[in-house]
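Structure assessment
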Amino acid sequence: MARLNVWRWAVLGLAALYFLVPLAASVVFTVDVPGQGVTFDAYTQIVTADGFVSSLLLSLELAAATIAVVLLLMVPAMVALRLGAPRLRPVVEVVCSLPLVVPPIAFVAGISTVLKWGPDHLSRTPLFRTFVAVQNPDFPVVLVLAYVVMALPFVYRALDAGLRAIDVPTLVEAARSCGAGWPQALVRAVLPNLRGALLNSAFLTLALVLGEFTVSHLLGFTPFAVWIVNVGGEQAQLSVAVSVLSLLVTWALLLALAGVGGRARTASSRG
């Protein structure tokens, strides 16, 4: 048993070194300026950097919209699958896993081909305005649709794990026997027991949207990840400083999510 504990701590130590050494090197790079010594100018310039606020707000708006759409799409579908068609679960799992095997370049090429239909074939129809609206740089809906597809594998796994931990048919039947309709049964009986799975899905989707670069860059939009790369070509220290802060914020969200999930499990066990 003691040997097992030693190996466990050794693995954890190596994992910590693997993550913390590059992070420490990045921090040193941002604060150590040759000829000036230690300075935090790279961090103080972040807020006033051109395009920082607008790109960050755009990414947060895209993330919020993506989370809302993917949960509205997947939660009722997963519950219905659990209640009425469990044999279709392998089919849905394969469909939701397809974004993992499709290269982002091929995915963007398909989206670009579809978007070209607007000016090429639909310029004289009302649908042309729809193709223009979804590419509005202020809020590109096409990115939301792309991110929803890319988030499907992660959201499916999180929701599937949450639904496996509860007895959905019994919860819905109890709610229905008390006079609740199907929407009420879903909202009041099922969703409270999926709090952890919903938080996991939201966090994974948020991390995906904040870090996604290929699709948004090739489609010509500038959310937060693209802005970081663009700034890196001109101000390397500023770019790395923003990346470090983004990583720390992501870790903070993960810890907060773990804390909320732990309190929810404690409350449910006491109840």
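Just so it is clear, the structure is predicted and the values come from calculations on it, not from any experiment.

Time to look at the overall build of the protein. Of the regular secondary structure elements, the protein holds 14 helices and two strands. In terms of overall dimensions, the protein has C-alpha extents of about 75 × 75 × 30 Å along its principal axes. Looking at the protein residue by residue over its 271 residues, the buried ones come to 32%. Here the protein displays about 16300 Å² of accessible surface, and carbon together with sulfur accounts for 69% of that area.

Time to look at the pattern of salt bridges. Inspection of every chain in the model, using the stated rule, returns four salt bridges. As a salt-bridge pair, aspartate 160 and arginine 89 come within 2.9 Å of each other at their nearest N and O atoms. Taken together, the positions of aspartate 160 in helix α8 (residues 141–164) and arginine 89 in helix α4 (residues 89–101) put the pair 71 residues apart, joining distant regions of the chain. Its salt-bridge partner being arginine 157, residue glutamate 93 comes within 2.9 Å of it at the nearest N-O pair. Residue glutamate 93 is found in helix α4, and its partner arginine 157 is found in helix α8; the two are separated by 64 residues along the sequence. Arginine 157 gets classed as partly exposed once you look at its relative accessible area, which sits at 44%. Residues joined in a network through salt bridges with shared partners are Arg89, Glu93, Arg157, Asp160 and Arg164.

Another aspect to go through is the confidence of the model for the protein. Confidence in the prediction for the protein averages 82 pLDDT; 90% of positions are at 70 or higher. The least confident element of the protein, judged by mean pLDDT, is helix α14 (residues 236–270) at 69; the most confident is α8 at 92.

A few words on the side chain of serine 216. In this structure, serine 216 sits in helix α12 (residues 214–218). In contact with serine 216, not counting residues within four places along its chain, are Leu143, Tyr147, Phe221, Pro223 and Val226.

Right, let's talk about the nonpolar core for a bit. Generally speaking, nonpolar side chains in soluble globular proteins are found buried as a group. Core analysis: the largest hydrophobic core is formed by 46 residues, its most contacted members being Met74, Val190 and Leu219. Elements with a contribution of two residues or more to this core: α3 (52–84), α5 (104–115), α8, α9 (168–177), α10 (182–190) and α11 (195–211). In terms of residue count, the dominant contributor to this core is α8 (12 residues). With 15 residues, the next largest nonpolar core counts Ala42, Phe52, Ile228 and Val244 among its residues.

Reading the values: the criteria
Residues numbered from 1 in each chain as written. Predicted model: local features only at pLDDT ≥ 70, side-chain atom pairs only at ≥ 80, totals over all residues. Heavy atoms only, no water. Helix = DSSP H or I, 4+ residues; strand = E, 2+ residues; numbered from the N terminus. Buried < 20%, exposed > 50% of the residue type's maximum accessible area, 1.4 Å probe, protein only. Areas by Shrake-Rupley, 256 points an atom, 1.4 Å probe, with all protein chains shown as cover. Salt bridge = Lys/Arg side-chain N within 4 Å of Asp/Glu carboxyl O. pLDDT = per-residue confidence, 0-100. Contact = heavy atoms within 4.5 Å. Core = buried A, V, L, I, M, F, W, Y, C linked by side-chain atoms within 4.5 Å.

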